[in-house]
Every structure is written in structure tokens, then in C-alpha cells.
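Architecture at a glance
These are the residues of each chain, in order.
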Amino acid sequence: MERTTMKYLIEPTRNTPFVNFDYSSGLLELKGVSSPENSLEFYNPVFQAVDKYREIGMNNLEVNMALEYFNTSSSKCLYQIFKGIKKIADGGRSVVINWMYDIDDEDMREVGEDYSDILGLEFNYMEMDF
């Protein structure tokens with residue numbers, strides 16, 4: 001993570017999503033496909049970035065999740081990310097979560113609804129054309 005701009009960036013691959021976490025604008029984005037060989041290894045820096053943002057970040061956080069597919073181990077990691085985001089919200093900060101899903105994929109919308117229900121976070125659901 002660059003210290004001067006406080007930005008965490010991972011370029012996408014065939015099996016891993018684009019990740020952009022810009023502390024100065026309060027924006028966390030995950031886009032694409034998530035089926036890394038080792039999900040914990042891939043997502044551990046993201047967990048750390050969310051925790052760091054909770055400590056030093058600005059008041060608002062916008063989260064844009066636009067995942068076309070993710071495997072079971074990625075699902076567990078996303079849950080961990082959302083737990084960290086919940087701590088930010090519970091700390092009194094404004095958090096907006098935009099859950100984007102393919103217009104033809106109601107299952108992906110339901111997954112977002114499950115995360116929202118389990119963690120008590122409000123999600124905005126947005127149909128996309130992937």
C-alpha cells in the first residue's frame with residue numbers, strides 16, 4: 001500500500017478481482033471474478049486495509065461490489081470484509097454498500113441479501129449488464 005496516497009490496488013487476473021481501496025475518497029471496489037487458488041492469501045491484505053481504514057480513514061465509506069462469480073472460499077473472505085465494514089459503520093461512520101449483480105443472476109442478488117441480513121448492513125442492489 002502506498003503511504004502517500006493511502007491507496008490499495010490489485011489488478012484483476014482470470015481468477016482474481018480488481019480491488020481498489022482509495023482511503024482519500026473513501027471508496028472500496030471489488031469487480032470481476034473471485035476464485036483464487038488461496039483466497040485467504042489473496043484477501044488478507046484487503047482485510048488489513050479495511051482495518052487500517054477503520055483506524056485512520058475519513059468519515060464516509062462507499063463500497064462497490066460488482067462480482068460476476070465467486071467461489072465458496074471467496075465467499076467466506078467477503079464475509080470477513082463485510083464484518084470489518086460493519087465495525088466502521090458501528091463506529092458511527094456513514095457506509096454505503098452497492099451490491100451490483102448481473103440482471104439475469106437473481107442468485108447473486110440473494111447472496112447480497114444474505115450478507116445484508118446476517119451482518120445487519122444495508123445494501124443498495126443494482127442490476128448491471130456484465
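Look up a bit, the structure's there.
Overview of the structure.

Parameters at a glance
Residues numbered from 1 in each chain as written. Predicted model: local features only at pLDDT ≥ 70, side-chain atom pairs only at ≥ 80, totals over all residues. Heavy atoms only, no water. Helix = DSSP H or I, 4+ residues; strand = E, 2+ residues; numbered from the N terminus. Rg over C-alpha atoms; globule rule 2.2 N^0.38 Å. Buried < 20%, exposed > 50% of the residue type's maximum accessible area, 1.4 Å probe, protein only. Contact = heavy atoms within 4.5 Å. Expected span 1.5 Å × (residues − 1). Arc of directions from axis to C-beta. Axes fitted to C-alpha atoms, helices over the stretch in contact; angles between N-to-C directions. Parallel < 35°, antiparallel > 145°, perpendicular 65-115°, else oblique. Nonpolar A, V, L, I, M, F, W, Y, C, P; charged D, E, K, R; others polar.

So, on to the overall build of the protein chain. Secondary structure assignment for the protein chain yields three helices and six strands. Listed N to C, the secondary structure of the protein chain is β-β-β-α-β-α-β-α-β in terms of helices and strands. For 130 residues, the compact-globule estimate of 2.2 N^0.38 gives 14 Å, and the protein chain sits close to it at 14 Å. Based on the C-alpha atoms only, the size of the protein chain along its principal axes is roughly 40 × 30 × 25 Å. A burial count over the protein chain gives 45% of its 130 residues as buried. Long-range contacts, defined as pairs at least 24 residues apart, comprise 65% of the intrachain contacts of the protein chain with a sequence gap of at least 6.

The next subject is helix 3 (residues 106-119). Its 14 residues place the ends of helix 3 20 Å apart at the C-alpha level, agreeing with the 20 Å of an ideal helix rising 1.5 Å per residue. Turning to helix 3, its buried residues number three or more, namely Met108, Gly112, Tyr115, Ser116 and Leu119. Take helix 3 and look down its axis: the buried residues cluster within an arc of 100°, on one side only. In helix 3, the exposed residues that point more than 90 degrees away from the buried face are Asp107, Asp117 and Ile118. Contacts made by the buried residues of helix 3 are with strand 4 (60-70), helix 2 (72-90), strand 5 (94-102) and strand 6 (123-128). Positive backbone phi, at 70°, marks Gly120, one or two positions downstream of helix 3.

We now examine the packing of helix 1 (residues 39-56) against helix 2. When two helices pack together, you describe them by how their axes are tilted relative to each other and by the distance separating the axes. The contact between helix 1 and helix 2 brings their axes to 9 Å, and the two run at 5°. Our classification of the angle between helix 1 and helix 2 gives roughly parallel. In contact with Ser39, Leu40, Tyr43, Val46, Phe47, Val50, Tyr53 and Arg54 of helix 1, helix 2 contributes Ser73, Ser74, Cys77, Leu78, Gln80, Ile81, Gly84, Ile85, Lys87 and Ile88. Residue composition of the contact of helix 1 with helix 2, by class: eleven nonpolar, five polar and two charged.

Right, let's talk about helix 2 for a bit. A rise of 1.5 Å per residue sets the reference length of helix 2, with its 19 residues, at 27 Å; its end C-alpha atoms lie 27 Å apart and thus fit the reference within 8%. Those residues of helix 2 lying buried are Ser74, Cys77, Leu78, Ile81, Phe82, Gly84, Ile85 and Ile88. Viewed end-on, helix 2 has its buried residues packed into an arc of 155°, placing them on one side of the element. Set apart from the buried face of helix 2 by more than 90 degrees, the exposed residues are Thr72, Lys76 and Asp90.

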